[in-house]
Amino acid sequence: RWDARVDPVGVSIARLMSGASNGQTFDGLKHVVVELLRNAAQHSGDKGGAVVAAQVSEQGGVPWVQVAVGDAGIGVYQHLSYFHRDLTSVQEALEKALHPHYSGAFAEGQSGTDENAGLGLFVTSELAKVTGGRLLLASRGDALLVRAQQQPQFLDHGGFPGTLVAFECPLWALRDFSTLFAEIIAKAEARTPKPRLNFRNCASK
């Protein structure tokens, strides 16, 4: 199974990047790497897998982590349009790919399956925002940049033959990952439509 191969790679990369940092920093890095690799494995259709690059570099004297995963697969729009036929452009697909519970595996507003909760890109993009970082989602000629306290921005250049997701944030900002993760999951639940009760059926029972 693909997840049996993805998880050990994510753990190894996160361990190298976190160094002597605390457990939550490692947990945050592992989550980002594994989710991006899972996304490529599940949705790209690229039989060659994906390429991952990761590093820790200094920006203004502060260590930043950078993770990028790219594939040569079918792209975000083609994948999502299999199940969401109302999509009209790559840009719309990129924007909706960052919504919670939006996936090719189930209809919009549903909460996913055991294998695919539909939260990978949502959590990763929100994590970039709350840590003061950035996330780039590029696919088939279009690219969307997500930053803290700014509206997502489509770039005039970019794109990627398949799909590229690049994440970066200050290393120290992941030290409270468990708290950040819980807040992001609560945000996802708040944004997920709840099923309406059919009071007529309830009354007849």
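Computed from a predicted structure; not experimentally measured.

**Comments concerning the layout of surface pockets**
Size it by volume and the second largest pocket reaches roughly 260 Å³. Every residue lining the second largest pocket is counted, 13 residues in all, and those nearest its centre are Arg5, Val6, Ala41, Gly49 and Ala50. For the lining of the second largest pocket, the secondary structure elements donating two or more residues are helix H1 (2-18) and helix H2 (23-43). Per-element accounting of the lining of the second largest pocket gives the leading share, four residues, to H1. When grouped by side-chain class, the residues that make up the lining of the second largest pocket number seven nonpolar, three polar and three charged.

**Some points on the pairing of strand E3 (residues 134-139)**
Across six bridges, E3 lies against strand E4 (residues 142-147) in antiparallel orientation. Opposite Ser139, over in E4, you have Asp142 as the bridge partner. What sits between E3 and E4 in their antiparallel hairpin is a turn of two residues, with Arg140 showing a positive phi close to 50°. Relative to strand E6 (residues 163-170), E3 is paired through six bridges, and the arrangement is antiparallel.

Calculation notes
- Starting from 1, residues in each chain are numbered consecutively following that chain's sequence as written.
- For a predicted model such as this one, the threshold for reporting local features is a pLDDT of at least 70, and the threshold for listing and counting side-chain atom pairs is 80 or more; totals across whole chains, interfaces and linings nevertheless cover every residue.
- Where side-chain values are given, they derive from all heavy atoms of the structure, hydrogens and water being excluded.
- A cavity here means a set of points on a 1 Å grid, drawn over the protein atoms and nothing else, where a 1.4 Å probe fits but cannot get out; a pocket is an open set with protein on both sides within 12 Å along at least five of seven lines, and a residue lines either one if it has an atom within 4 Å of a point.
- Grid points are joined across faces, edges and corners, and a volume is the space filled by probe spheres set on the points.
- Numbered from the N terminus, helices here are DSSP runs of H or I no shorter than four residues, and strands are runs of E no shorter than two.
- Amino acids outside the nonpolar list (Ala, Val, Leu, Ile, Met, Phe, Trp, Tyr, Cys, Pro) and the charged list (Asp, Glu, Lys, Arg) are all regarded as polar, and Gly is one of them.
- Only strands joined by at least two bridges in the DSSP assignment are considered to pair.

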